[in-house]
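Chains, contacts and geometry: an overview
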Amino acid sequence: MLALSIEKRLPGFTLDVRWETEERVAALFGPSGAGKTLTLQCLAGLLRPDRGRIVLDGRVLFDSEAGIDVPSRARRLGYVFQGYALFPHLTVGENLGFGLRDRPRAERARRVAEVVERLELGGLDRRYPRELSGGQQQRVALGRALAIDPDLVLLDEPLSALDAPLRAQLRGELGQTLREWGKATVLVTHDFAEAYRLGDRIVVYDAGRVIQSAPRSELLWQPASETVARIMGIRNILRGTVIKATPDRIQLRWRGLTLEAVNSPTRAYLPQPEMPIAFFIRPEYVRLIRKDRGEPDPGHHMNLMSGRVVAEADFGTTVALMVRLDEPGPAAQGEYDLEVEVPRLVYEILEIDRDRHWQLSIHRGSIQVLPA
Amino acid sequence: MSVAATAVTLLIGLPLAWLLSHRRFPGRDLLEAFVVLPLILPPTVLGYYLLLMIGRQGPIGAALAAAGIEIAFTWRAAVIAAAVGSIALVIKAAQAGFESVDRRLEQAARTLGRSEWSIFWSVTLPLAWRAVLAGTVLAFCRAMGEFGITLMVAGSIPGRTQTLPLAIYDRVQANQMTEANALALIAIGVVVVLVFGVSRLARLRY
């Protein structure tokens, strides 16, 4: 259990954040310069907040009012720096044992051997960091932090130094290592896929503030605001007008159409009729209606609309179709109204490269309303 | 004598360089300007003020004389003169070296439970040793060549406070050119060997 509230004023930037987590891995997610790394530095005691309080498992690490500021070296946190910050003049073995200097020699050797084995660094302990691959360096940095048996592991962009294919592979390995060691972790990333894969809780940062903190599934389906949705990189963020809102349904008008969306009873968001409202439709949840199956059934196919594919983007395994609706008036997103993503197989079976006009339907559960 | 002077400059210069590179404190800029003064002031001016400080009437000199330690016009004064003349080289080189060490390495060491003292010896100094060495060699050569300050505070007493450059000057004044030549060659030899040896050493990685 980690609870933190921090205020830190810097020239041209103010960090003012408050969040807590019960989950094992908390991912701080947000654009670069949002204050994520500053938060880690405050947690680690490398930067002193102007005001605030940091409590880890009942242990007060910092409390400006009580005058408590536990020094870095006594906080027992395993910090893995962006770019890893391995000691270039020391071997892998010396790097791993760096935090164990006050332990007896035999225990130090045993601990290093254990880390080497569990992180599969066998045979590398006499090498220097510059002789290692990026993935190996990352494991050494992680091992150096884990060797001191920390109460909390801090990971600052652990994968950003690697190139894309390796990154995807190491993301899986890193998740597994964190699970195996069972250490509470705070992870910083600007990559939503990384935050989602590794984080049990995601804390969304923007401009020095936390704009949402939620378990990852809740964040995925219920971003707290349009800003959160944009930072998450959600596509098809649209604006309409409320017709009617009840605790579990919201009717709205968009591009001359009437759409029905689910509301969340837990969120109790009940906008007044005629209020502008933001919502989003996930491209992979828009359904194309097959032309060989007769007329669409309004009971089964909700939120029917029709339009023409005006552009497409090929992602290899999927194809994104930019669809302009048949409704009159300017399109919602420049040249098109809706981005629709279909698997390549569907694209080929339906011969979308030849046939450009389609009827679409969107289940009401796939239209997510964004509270203002 | 130059070795002793260099040891003194390291002892005082390294902590100062660390302070200048790692800490922000009031008067830091003033201190930074102060440490380069010996490089830019005329040596005789420095020697004059130094003499006022450590001479028998000076505040430091008087205190030490009361304790039975003579400074002015002894070998100690020659060491102090050489140290004062060369310390700025050590400080500036070491400061630049310390500043070039990635700050995150020191932060990493801190989170791994090390004290600032331990971090200096195990991270900062090992990574900056080339710069420190270069500064030390320069300082040593400068200490060996120190003339003006030494003459002011230690005089040129043969066998006691007469340093190599003072000796050369004396021989030239006395028109003993052969001896002056020999001494000058010794000076050149020492410096060349030193600089060459150090540049070989600096090629080692860490």
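Use the structure listed above.
Read on for a plain summary of the structure.

How each quantity is defined
Residues numbered from 1 in each chain as written. Chains lettered and ligands numbered in written order. Predicted model: local features only at pLDDT ≥ 70, side-chain atom pairs only at ≥ 80, totals over all residues. Heavy atoms only, no water. Patch = residues over 30% accessible without salt bridge, like charges linked within 9 Å, V, L, I, M, F, W, Y side chains within 5 Å. Areas by Shrake-Rupley, 256 points an atom, 1.4 Å probe, with all protein chains shown as cover. Salt bridge = Lys/Arg side-chain N within 4 Å of Asp/Glu carboxyl O. Helix = DSSP H or I, 4+ residues; strand = E, 2+ residues; numbered from the N terminus. Expected span 1.5 Å × (residues − 1). Bend = angle between axes of the 7 residues up to and from the residue. Buried < 20%, exposed > 50% of the residue type's maximum accessible area, 1.4 Å probe, protein only. Contact = heavy atoms within 4.5 Å. Buried area = accessible area lost by both parts, 1.4 Å probe. Polar contact = N/O pair within 3.5 Å; in protein donor to acceptor, adjacent residues only side chain to side chain. Pairing = 2+ DSSP bridges. Axes fitted to C-alpha atoms, helices over the stretch in contact; angles between N-to-C directions. Phe/Tyr/Trp six-rings, centres within 6.5 Å; stacked < 30°, edge-to-face > 60°. Lys NZ or Arg CZ within 6 Å of the ring centre and 35° of its normal. 1 Å grid on protein atoms, 1.4 Å probe; cavity = no way out; pocket = protein on both sides within 12 Å on 5 of 7 lines; lining within 4 Å. Points joined across faces, edges and corners; volume = space filled by probe spheres on them. Nonpolar A, V, L, I, M, F, W, Y, C, P; charged D, E, K, R; others polar.

1. Points about a nonpolar patch on the surface
Residues and elements named next belong to chain B. Together, Phe34, Leu37, Leu39, Ile40, Leu41, Val45, Tyr48, Tyr49 and Leu52 give the surface a local cluster of nonpolar side chains, amounting to about 850 Å² of exposed area. Counting only elements with at least two residues in the nonpolar patch, the list comes to helix H2 (28-40) and helix H3 (43-54). The residue Tyr49 is located in helix H3 in this model.

2. Side note on helix H1 (residues 2-22) of chain B
Residues and elements named next belong to chain B. Across its 21 residues, H1 extends 29 Å between first and last C-alpha, which sits within 8% of the 30 Å expected from 1.5 Å per residue. Along H1, the largest kink reaches about 30° and is centred on Gly13; proline Pro15 follows within four residues of it. For H1, the full list of buried residues reads Ser2, Ala5, Thr6, Thr9, Gly13, Leu14, Ala17, Trp18, Leu20, Ser21 and His22.

3. Observations regarding the interface of chain B and chain A
Many analyses report the size of an interface as the accessible area lost when the parts associate. Contacts between the two partners involve 18 residues from chain B, matched on the other side by 22 residues from chain A. Sorting the residues of chain B by area buried against chain A places Thr111, Leu112 and Arg114 of chain B first, and these three jointly supply 35% of that buried surface. Between chain B and chain A we count zero salt bridges in total. On inspection of chain B and its partner chain A, the count reaches four residue pairs in polar contact (both at pLDDT 80 or more).

4. Some remarks on the side chain of Gln138 of chain A
Residues and elements named next belong to chain A. As for its placement among the helices and strands, Gln138 is situated in helix H4 (residues 134-147). According to the relative accessible area criterion, Gln138 is buried, its value standing at 5%. Not counting the four nearest positions on each side in its chain, Gln138 is found in contact with Tyr84, Pro158, Leu159, Leu170 and Leu174.

5. Notes on the sheet that holds strand E16 (residues 286-288) of chain A
Residues and elements named next belong to chain A. Ordered by their spatial adjacency, five strands build an open sheet running E16-E20-E17-E18-E19, and the pairing between neighbours is antiparallel. Whereas interior strands pair on both sides, the edge strands pair on one side only; in this sheet they are E16 and strand E19 (338-343). Pairwise comparison of adjacent strand axes, ignoring direction, gives a mean angle of 50° for this sheet. As defined by bridge partners, strand E17 (residues 305-314) adjoins strand E20 (residues 357-362) across four bridges and the pair is classed as antiparallel. In the sheet register, Gly307 faces E20, and the bridge partner there is Trp358.

6. Section: the pairing of E20 of chain A
Alignment of E16 of chain A against E20 of chain A, held across three bridges, turns out to be antiparallel. By the bridge assignment for E20 of chain A, Val286 of chain A is matched with Ile362 of chain A.

7. Brief notes about the packing of aromatic side chains
The tally for this structure, following the rule as stated, stands at 11 aromatic pairs over all chains. Note on Phe147 of chain B and Tyr169 of chain B: the rings are 5.5 Å apart at their centroids and 80° apart in plane angle, and the pair reads as edge-to-face. On the criterion of sequence distance, the pair formed by Phe147 of chain B in the loop between helix H7 (116-145) and helix H8 (148-154) and Tyr169 of chain B in helix H9 (residues 164-173) is long-range, its members being 22 residues apart. An aromatic cluster is present here, built from Phe98, Trp117, Phe120 and Trp121 of chain B joined pairwise through their rings. Residue placement shows Arg216 of chain A over the ring face of Tyr196 of chain A; its charged tip is 4.8 Å from the ring centre.

8. Overview of the environment of Ala83 of chain B
All names here are of chain B. Tracing the chain through its elements places Ala83 in helix H5 (residues 75-99). For Ala83, a relative accessible area of 7% gives the class buried. Once you skip the residues sitting within four places of it in the chain, Ala83 turns out to touch Ala5, Val8 and Thr9.

9. So, the layout of surface pockets
Residues and elements named next belong to chain B. What the largest pocket holds in volume is close to 690 Å³. When residues of the lining of the largest pocket are traced back to their parent elements, those giving at least two are H1, H2, H3 and H5. A total of eight residues in the lining of the largest pocket trace back to one element, the largest contributor, which is H5. Of the residues in the lining of the largest pocket, the class split is 21 nonpolar, no polar and one charged.

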